[in-house]
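Coordinate analysis (summary)
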Amino acid sequence: MVKCRLPRVEIDKQGGGVRMLGIPTVLDRFIQQLLLQAMTPIFEPLFSDYSYGFRPGRSTADAIKAAKGFARQGKDWVVDLDIAKFFDHVNHDILVARIAQVIRDKRVLGLIGKFLRRGAMVEGVVQASEEGTPLTRGEDARFTLPEDKDTFGLRLSASGPLSPLLANIYLDALDQELDRRGHSYCRYADDCNIYVSSQAAAERTRASIQNWIEKHLRLQVNAAKSGVGRPWERKFLGFRLNRLRRITIAPESLERFKAKVREKWRCCQSLTSEQLTEQWQQFIRGWWGYYQTTEDRKPIFQLEGWIRRHIRTFFWLRWHEPAGRKRKLRSLGLKGHLLKVAYSSKGAWHLAATGSLNTALSNAVLRRSGFLLPSDLAATRRR
């Protein structure tokens, strides 16, 4: 297997810090894909039914629906476990030993060993890897946002297809331990939620499983992201369960969505109307494609007036001087005294809420122009 000759890159993490992404060569990627296609049918039947990450026919929607089922059974305390820098700290000896329990072909084991140790080029120097499995854009898919292939759909990119399978092989030992103890749990890659019936049981389970992970997997649990609480107090894969045990969006995910909306409708973008429409549709369709699993959609739909106000603010600022604004408003059907808004000295955000702009850039006009919102996509899906 050819070592990666392209540099390792860094992307920002939502909680601060950076995440390292490896970039394999074309030949390296091709060999990984061959290994993946040969190994997946062997290992897939061995994995737990409660493991949902990076597996064919399984998704975050399945994981959150399973979590809902446990909560409705009365197991309404959750142990939320997140493994710190999992892909950076996978122990090679443990991983290869687990693979060797199933696959005895030394050629395959040798290829996997080379893949794990291949390293990456950092500042012009190739550095070997002593631990970890190279994280690629596919494994990082759910950590950020869809237009740069970061959260939604969780599709595995072609950049390095083997790492997800290796991660599941490594963490299958955790699934087996949880099964042995009779726990109800959902695991998506290195995020694992365990559902129990009381706070005392949750505290005991957290301490016990954390010790087991440190001892048997040689990994550390991220104390900042892990904890014990009610399902409506903890988020899981961007979702949470409300007090009625219905799936809704986590407040943190909603805040990230709002930040993206502000970014998308910054007035200093030199894009054509067609480019704006395409960019917005790509973003909102990807975002809704992920969060359409929610059952309580009210927090999302309540934002739509705020989103439209951002869009109207954007176009008002883009029209620049009063004469241009009056011309645009007239072309949108405004007449008479409503056109006086073109000469207003008030701020754009204030004017975006006025009757004049709400008439010119009405909800129907924005919808016809392609500036769809989650409720529009939800209605389309129902039809």
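Scroll up to find the structure.
Everything numeric in this text was worked out from a predicted model, so none of it was measured. (Residues numbered from 1 in each chain as written. Predicted model: local features only at pLDDT ≥ 70, side-chain atom pairs only at ≥ 80, totals over all residues. Heavy atoms only, no water.)

Here we come to the overall build of the protein. For the protein, the count of helices and strands is 15 helices and ten strands. Looking at the protein as a whole, 52% of its 383 residues qualify as buried. Considering only intrachain contacts with a sequence separation of at least 6, the fraction spanning at least 24 residues in the protein is 69%. Summed over all atoms, the accessible surface of the protein reaches about 18,500 Å², with 51% contributed by carbon and sulfur. (Helix = DSSP H or I, 4+ residues; strand = E, 2+ residues; numbered from the N terminus. Buried < 20%, exposed > 50% of the residue type's maximum accessible area, 1.4 Å probe, protein only. Contact = heavy atoms within 4.5 Å. Areas by Shrake-Rupley, 256 points an atom, 1.4 Å probe, with all protein chains shown as cover.)

Moving on: the sheet that holds strand E8 (residues 227-229). With respect to topology, four strands assemble into an open sheet ordered E6-E7-E3-E8, the strand pairing being antiparallel. Single-partner strands in this sheet number two, and they are strand E6 (184-188) and E8. On average, adjacent strands in this sheet sit at an angle of 15 degrees to one another, irrespective of strand direction. Two strands pair when backbone bridges link them, and E6 and strand E7 (residues 191-196) are joined in this way by five bridges, in the antiparallel orientation. Directly across from Arg 187, in E7, lies its bridge partner Cys 192. In the packing of helix H5 (residues 162-180) onto the sheet, contacts are made with E6 and E7, and the angle to E6 comes to roughly 170 degrees. Strand contacts of helix H6 (residues 199-217): strand E3 (77-82), E7 and E8, with the helix running at about 20 degrees to E3, the strand carrying the most contacts. (Pairing = 2+ DSSP bridges. Axes fitted to C-alpha atoms, helices over the stretch in contact; angles between N-to-C directions.)

Turning next to the nonpolar core. Membership of the largest hydrophobic core comes to 101 residues, with the highest contact counts inside it found for Met 39, Ile 99, Leu 166 and Leu 329. Broken down by element, the residue count for this core peaks at ten residues, all from H5. Residues in contact with Leu 329, not counting those within four places in the same chain, are Trp 316, Trp 319, Leu 334, Leu 339, Val 341, Ala 342, Leu 357 and Ala 360. (Core = buried A, V, L, I, M, F, W, Y, C linked by side-chain atoms within 4.5 Å.)

Glancing now at the packing of aromatic side chains. Between two aromatic rings, the relevant description is the distance of the centres plus the angle of the planes. Inspection of every chain in the model, using the stated rule, returns 22 aromatic pairs. With 5.1 Å between their ring centres and 55 degrees between their planes, Phe 239 and Tyr 291 make a pair best called tilted. Placement of the pair is Phe 239 in strand E9 (residues 239-241) and Tyr 291 in helix H8 (residues 273-291), with a sequence separation of 52 residues. The exposure classification of Phe 239 matches that of Tyr 291, with both residues buried. Clustering of aromatic rings is evident, with ring pairs tying together Phe 239, Phe 257, Trp 265, Trp 280, Phe 283, Trp 287, Tyr 290, Tyr 291, Phe 314, Phe 315 and Phe 371. A cation sits over an aromatic face here: Lys 258 above Trp 306, 5.7 Å from the ring centre. (Phe/Tyr/Trp six-rings, centres within 6.5 Å; stacked < 30°, edge-to-face > 60°. Lys NZ or Arg CZ within 6 Å of the ring centre and 35° of its normal.)

This part covers the pairing of E6. With five of five residues buried, E6 lies mostly within the body of the structure. Residues Ser 184, Cys 186 and Tyr 188 point to one face of E6 and Tyr 185 and Arg 187 to the other, with burial holding for every one of them. Hairpin remark: E6 followed by E7, antiparallel, with two residues in the connecting loop; positive phi at Ala 189, about 55 degrees.

The next thing to look at is helix H2 (residues 60-72). With 13 residues, H2 should reach 18 Å at 1.5 Å per residue; the first-to-last C-alpha distance of 18 Å fits that figure. Those residues of H2 that sit buried are Thr 60, Ala 61, Ala 63, Ile 64, Ala 66, Ala 67, Lys 68, Phe 70 and Ala 71. Those residues of H2 that are buried are in contact with E6, E7, E9, strand E10 (247-249) and H8. Of the residues flanking the start of H2, the one acting as N-cap is Ser 59, its side-chain oxygen 3.3 Å from the backbone nitrogen of Ala 61. Two residues or fewer after H2 comes Gly 74, characterised by a positive phi angle close to 100 degrees. (Expected span 1.5 Å × (residues − 1). Polar contact = N/O pair within 3.5 Å; in protein donor to acceptor, adjacent residues only side chain to side chain.)

A word on the state of the cysteines. Considering all chains together, one arrives at zero disulfides under this definition. Unpaired in terms of disulfides, Cys 192 finds its nearest cysteine sulfur in Cys 186, a separation of 8.1 Å. A relative accessible area of 3% means that Cys 192 is categorised as buried. Just so you know, Cys 267 is unpaired, no disulfide at all, and the nearest cysteine sulfur is the one on Cys 268, 5.5 Å from it. (Disulfide = S-S within 2.5 Å.)

Right, let's get into the pattern of salt bridges. Within this structure, the stated rule accounts for 15 salt bridges. Note that Lys 258 is salt-bridged to Glu 255, the shortest N-O span being 3.6 Å. Of this pair, Lys 258 and Glu 255 both sit in helix H7 (residues 251-264), three residues apart, which is roughly one turn of the helix. Residue Glu 255 is classed as partly exposed on the basis of its relative accessible area, which comes to 46%. In the salt-bridge network here, residues are joined through shared partners; they are Asp 76, Arg 230 and Arg 245. (Salt bridge = Lys/Arg side-chain N within 4 Å of Asp/Glu carboxyl O.)

Okay, the pairing of E7 next. Burial within E7 is extensive, with six of its six residues counted as buried. Going residue by residue along E7, you find Asp 191, Asn 193 and Tyr 195 tucked away on one face and Cys 192, Ile 194 and Val 196 tucked away on the opposite face as well. In terms of strand pairing, E3 meets E7 through six bridges, oriented antiparallel. Residue pairing across strands places Trp 77 opposite Val 196, the latter belonging to E7.

Let's shift gears to H5. Taking 1.5 Å of rise per residue, the 19 residues of H5 would be expected to cover 27 Å, and the 28 Å separating its terminal C-alpha atoms lies within 8% of that figure. A maximum bend of about 35 degrees is found in H5 at Leu 171. In terms of burial, H5 is a largely internal element, 16 of the 19 residues being buried. Positioned one or two residues after H5, Gly 182 has a phi angle of 80 degrees, which is positive. (Bend = angle between axes of the 7 residues up to and from the residue.)

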